[in-house]
Amino acid sequence: MPELPLRLEPRAEPSRLMPYLSPLLAVALMLAAGVLVFSALGKDPIEGFRLFFLNPVKDAYGVSELLLKATPLMLCATGLAIGFRANVWNIGAEGQFILGAVGATGVALYFEGSESSLLLPAMVVGGALAGAAWASIPAFLKTRFNANEILVSLMLVYVAQLLVSWLVFGPWKDPDGFNFPQTRMFDDAALLPILVEGTRLNQSLLIALAVLVAGYVFMYRSHTGFKMRVAGEAADAARYAGFSANRMIWIGLLCGGGAAGLAGMAEVAGPMGQLTDKVSLGYGFAAIIVAFVGRLNPLGILFASLLMALLFLGGEQVQQYMNLPSSISMVFQGMLLFFLLGADVFIHYRLVIGRRSA
Amino acid sequence: MLDRRNFVLSAGALVLASTLPLAAVAQDAAKIGFVYVSPIGDAGWTFQHDEARKELEASLGTKIETRYVENVTEGADAERVIREFAASGSKIVFATSFGYMNYVERVAKQFPNVTFMHATGYKSGKNFGNYNARFYEGRYLNGVIAGKMSKSNIIGYVAAFPIPEVLQGINALTLGARSVNPNIEVRVIWTNSWYDPGKEREAAMTLISQGADMLTQHTDSTAVVQAAEERGVHAFGYHSDMSKYGPKAHLTATTHHWGDFYIKTVSEVLAGTWKPENVWGGFKEDMIRLAPLNPAVPGDVKTMVEELSAKLKAGTFHPFTGPVVDQAGTERLAAGAVIDDATLGKMDYFVQGVASRLPSK
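So, how was this worked out
- Here the residue numbers are simple positions, counted from 1 along each chain's written sequence.
- Each chain takes a letter, starting from A, and each ligand takes a number, starting from 1, following the order in which they are written.
- A pLDDT threshold of at least 70 governs which residues receive local features in this predicted model, and a stricter bar of 80 or more applies before side-chain atom pairs are shown or counted, although totals over entire chains, interfaces and linings include all residues.
- Strands here mean DSSP runs of E at least two residues long; helices mean DSSP runs of H or I at least four residues long; both are numbered from the N terminus.
- For the exposure call, what matters is how many other C-beta atoms sit within 10 Å of a residue's own: 20 or more marks it buried, 12 or fewer exposed, and in between partly exposed, using C-beta atoms placed from the backbone.
- DSSP-based pairing: two strands are paired if at least 2 bridges between them are found.
- Here is how to tell: hold the view so the strands point away, follow the path from the first strand over the helix to the second, and if it runs clockwise the crossover is right-handed.
- An axis is simply a line fitted to the C-alpha atoms; with a helix, the fit covers only the stretch in contact. Between two such axes, the angle follows the N-to-C directions and lies from 0 to 180 degrees.
- Our contact criterion uses C-beta atoms placed from the backbone: two residues qualify when those atoms are within 7 Å.
- As used throughout, a nonpolar core is a set of buried Ala, Val, Leu, Ile, Met, Phe, Trp, Tyr and Cys residues joined through C-beta atoms within 7 Å of each other.
- The source of the domain bounds is an automatic or database domain assignment.
- Gly is put with the polar residues, along with every residue not named as nonpolar or charged; the nonpolar set is Ala, Val, Leu, Ile, Met, Phe, Trp, Tyr, Cys and Pro, and the charged set is Asp, Glu, Lys and Arg.
- Expected helix span is given by 1.5 Å per residue-to-residue step, counting one fewer step than there are residues.
- Note on angle classes: values under 35 degrees are labelled roughly parallel, values over 145 roughly antiparallel, values of 65 to 115 roughly perpendicular, and the remainder oblique.
- Crossing handedness follows the turn of the near helix against the far one: under a right angle anticlockwise gives a left-handed crossing, and clockwise gives a right-handed one.
- Note that the bend at a residue is defined as the angle between axes fitted to the seven residues ending at it and the seven residues starting at it.
- Confidence of the predictor at the level of single residues is given by pLDDT, which spans 0 to 100.

J.: Which residues make up the overall build of chain A, and what are the values?
T.: Summing up its helical and strand segments, chain A has 13 helices and two strands in all. Each of the three principal axes of chain A carries a C-alpha extent, and together these read 75 × 60 × 40 Å. Looking at the 358 residues of chain A, the share that counts as buried comes to 50%.

This is the structure:
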């Protein structure tokens, strides 16, 4: 087969700056490609951009919705980043999110009618523990039997979906709900207080920001966090230094599961106010993109989650005002990840034109 | 500082600006928003709602302007979409799936001057009505055809979730089939999803291998009709006329027609005469129809179905007329009695003749 006169050659010294610039480059390329997408669909690209990126945040309510949508992404992505840094590939945050919602709902329904101010904290704990417990299954199977955590955590997403479906059709079904798949609406004591009156933005944003800070401290200021980074960046060195690989797997998965569980709790105790079989809107999967666009760094994740939330909201807007198909959000998300991965290749490699001289 | 020249200029601008909104109001069409649960596609639940939206536009012309968002999951995002329609000046918002109910309720309270219509739910309010169709009427007629034409006496039913609307359909089909053939047995496979062509197809194949020679589905894709065509058995479409997906297999379909209802509702809201009500239309209101019968349906069956449709249109026949006996043998409806809407809306059992069990409660 004739060889193309193009090849990738490892760089002698990768740039230290480019890892941080590459997400920005990816965003710029996504916007540029967006012009082509809008034009190809026969729409005015300027109007498309205005509707997609500006209209969702045109007023305070829009901003509150953006923050509300970004909150579960921040939570899930921070938890995932801790594991990803140590090469622990938890792809099942979606399932852990659902279990968090189930755990929190379990607490809310068990103490139904309670007006105790301890109810919400109990739901927070219940959600985080349930998410972490779900993530402990791939952790156990990985450390005990070396089962691939990517596959196990991913497949458990489907199990979680069936579990929540069974619960809302069965034991937790609202007795006054005409057999529809939903629990009762939660009491006020089981709902997260609203931060800004007249919006849906609730205290889960504060929880997410706290988790971001905690994630930062853990990753950059703790000994364990340091070990996990070493394990991710230089596995051999970590082994040589005697860092326990199993311990990293457990920490990585439990952090991811716990944070996703918190996000699930915030969904049922926040904008939903009940558990239904539609509790998950793909936050666990979208958070994987967020984690990478954010460079597995809590500050980066903060910005990436806002960007990702904007892509969701913008997609709704161009549907409403330009009659574009619903898949437009996915197209932008896909382009963002594609350009990011593409740009990342060039951090470590450079493109050489011309045949190999050998 | 406001000097004289500036004052004249700004006064001029003020006059100009104040005339603009007036001109805009005179031309403004009433905005109508539609929230769809799945992509529109070319057949199915959302497709029928979108066809009706087009009928509405064709009928009311420049008086209105419709907008829609498709594929809105029945979770927390729905509230933002519904609210955005209301906040951006829509007169009416149609939310076309059950799971939007609590979100519609919340937004309706925040926007008292906007009218909200929610499909297939049970809540309503001052500016918040709900609507649904008597799908089971068409199912009964499908059952009559299936009962007459089945050779194996087994009908396969692929269904999403055991909610009342779905159980009404399964039970009506069973009652219709057994009214002409008491040996009929109906087998149900649950897919736990409204739209999952792969699973629907798998379920259809399983039912065929269990001997079913008549199939139907209460899910959103055309997979079951296609599977029937492939394996040489018959099928009944649902939502839309699905004959092009199985020209030989497709005997008829229970089709949904929301157009007249949308036109009526919008006209009433614009005229200021709309009142919140629970609309539940069937053959009589022309909300439910049978798709054209396949030539494979024998003449005597055709006549029978035509007679029954005429009775449904006239309102002289109800598919749930006693005796209705459930699987456990308990009489749910005495001989000669007709079920009332409240009881029908809460249906949570299978009638005798359904071989499958309901998922445990």
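More follows now that the structure is in view.
J.: Let's hear about the pairing of strand 3 (residues 90–95) of chain B: which residues, and what values?
T.: All names here are of chain B. Of all six residues that make up strand 3, five are buried, and the element is covered over most of its length. Judged from the four bridges that link them, strand 3 and strand 4 (residues 115–119) form a sheet pairing that is parallel. What sits directly across from I92, in strand 4, is T115. Taking the sense of rotation as the criterion, the β-α-β connection linking strand 3, helix 4 (residues 101–110) and strand 4 turns out right-handed.

J.: How would you sum up the sheet that holds strand 2 (residues 64–69) of chain B? Please name residues and give values.
T.: Residues and elements named next belong to chain B. Strand order in the open sheet made by the six strands is 2-1-3-4-5-11, with parallel pairing throughout. The strands lining the two open edges of the sheet, one partner per strand, are strand 2 and strand 11 (278–281). Pairwise comparison of adjacent strand axes, ignoring direction, gives a mean angle of 20° for this sheet. Two strands pair when backbone bridges link them, and strand 4 and strand 5 (residues 128–133) are joined in this way by four bridges, in the parallel orientation. Paired with F116 across the bridge in strand 5 is F128. Along the sheet face, helix 9 (residues 259–271) touches strand 1 (30–35), strand 2, strand 3, strand 4, strand 5 and strand 11 and points at about 150° away from the line of strand 3.

J.: Outline the nonpolar core, listing residues and values.
T.: C76 of chain A together with I82 of chain B are the most contacted members of the largest nonpolar core, which totals 210 residues. Among the elements that take part in this core, helix 10 (residues 245–272) of chain A stands out by supplying 15 residues, more than any other. Split by domain, the residues of this core number at least three in each of domain 1 (23–133) and domain 2 (135–255 + 290–344) of chain B. Contact partners of I82 of chain B, with chain neighbours within four places excluded, come to V35, V93, A95, Y100, Y103, V104 and V107 of chain B.

J.: For the sheet that holds strand 12 (residues 288–290) of chain B, give the residues involved together with the corresponding values.
T.: Residues and elements named next belong to chain B. Across the sheet, six strands lie side by side as 7-6-8-9-10-12; this open sheet has mixed pairing. Only two strands of the sheet have a single neighbouring strand rather than two, namely strand 7 (185–190) and strand 12. Strand-to-strand twist in this sheet, taken as the mean axis angle between neighbours without regard to direction, amounts to 15°. Sheet analysis places strand 6 (residues 154–159) next to strand 8 (residues 214–218), joined by five bridges and oriented parallel. Pairing of Y157 across the sheet is with T216, part of strand 8.

J.: Provide a residue-level description of the interface of chain A and chain B, including the pertinent values.
T.: Size of an interface: often given as the accessible area lost when the parts come together. Across the contact, 20 residues belong to chain A and 29 residues belong to chain B. Among the elements of the structure, helix 6 (149–169), helix 10 and helix 12 (298–322) of chain A are those that each provide at least two residues to the side of chain A that touches chain B. For the side of chain A that touches chain B, the class distribution of residues is nine nonpolar, seven polar and four charged.

J.: A description of the pairing of strand 9 (residues 234–239) of chain B should follow, citing residues and the corresponding values.
T.: A regular strand places its side chains so that they alternate between the two faces of the sheet. Residue and element names in this part refer to chain B. With respect to burial, strand 9 is a largely interior element, six of its six residues being buried. Sheet topology places strand 8 next to strand 9; three bridges connect them, and they run parallel. Among the inter-strand pairings, L215 is bridged to a residue of strand 9, identified as A235. Since strand 8 and strand 9 lie parallel, the crossover through helix 8 (residues 223–231) that links them has a hand, and here it is right-handed. As paired elements, strand 9 and strand 10 (residues 250–256) share five bridges and run parallel to each other. Each bridged residue has a counterpart across the sheet, and for F236 the counterpart in strand 10 is T252.

J.: Describe in detail the domain arrangement of chain B, supporting the description with residues and values.
T.: All names here are of chain B. In terms of domain boundaries, chain B breaks down into domain 1 (23–133) and domain 2 (135–255 + 290–344). Computed over C-alpha atoms, the centres of domain 1 and domain 2 are 30 Å apart. Each partner contributes residues to the interface: domain 1 has eight residues there, and domain 2 has nine residues. Of all the elements, helix 2 (residues 45–60) adds the most residues to the side of domain 1 that touches domain 2, at three residues. When grouped by side-chain class, the residues that make up the side of domain 1 that touches domain 2 number four nonpolar, four polar and no charged.

J.: Pulling in residues and values, what's your account of helix 2 of chain B?
T.: Taking 1.5 Å per residue as the helical rise, helix 2 of chain B with its 16 residues ought to reach 22 Å, and the 23 Å between its terminal C-alpha atoms agrees with that figure. All of the buried residues in helix 2 of chain B are W45, T46, Q48, H49, D50, A52, R53 and L56 of chain B.

J.: Mind laying out the environment of T219 of chain B, listing which residues take part and the relevant values?
T.: Residues and elements named next belong to chain B. One can find T219 in the loop between strand 8 and helix 8. Remark: the alpha-carbon pair of T219 and N192, spanning 27 residues in sequence, is separated by 9.5 Å. Beyond its immediate sequence surroundings of up to four residues, T219 is in contact with V158, A159, A160, T191, W194, Y195 and E200.

J.: So, the packing of helix 2 of chain B against helix 9 of chain B: which residues are in play, and what are the values?
T.: Residues and elements named next belong to chain B. The geometry of helix 2 relative to helix 9 is characterised by a closest axis approach of 8 Å and an angle of 50° between their N-to-C directions. Judged by the angle between their axes, helix 2 and helix 9 are oblique. Here helix 2 and helix 9 pass one another in a crossing that is right-handed. Residues E51, A52, R53, E55, L56, S59 and L60 of helix 2 form the contact with helix 9, whose participating residues are G259, Y262, I263 and V266. Grouping the constituent residues of the contact of helix 2 with helix 9 by class yields six nonpolar, two polar and three charged.

J.: Explain helix 10 of chain A to me, and be specific about the residues and the numbers.
T.: Residues and elements named next belong to chain A. Here helix 10 is 28 residues long and its end C-alpha atoms lie 39 Å apart, about the 40 Å a rise of 1.5 Å per residue gives. Its axis deflected by about 25° at A266, helix 10 carries its strongest bend there. With 24 of 28 residues buried, helix 10 lies mostly within the body of the structure.

J.: Describe the confidence of the model for chain B, and please don't skip the residues or the numbers.
T.: All names here are of chain B. Averaged over every residue, the pLDDT of chain B is 90; residues scoring 70 or more account for 92%. Confidence drops under pLDDT 50 across residues 1–26; counting only partners more than four residues distant or on other chains, this segment forms one contact. If you check the scores for this complex, the pTM reads 0.86 and the ipTM reads 0.84.

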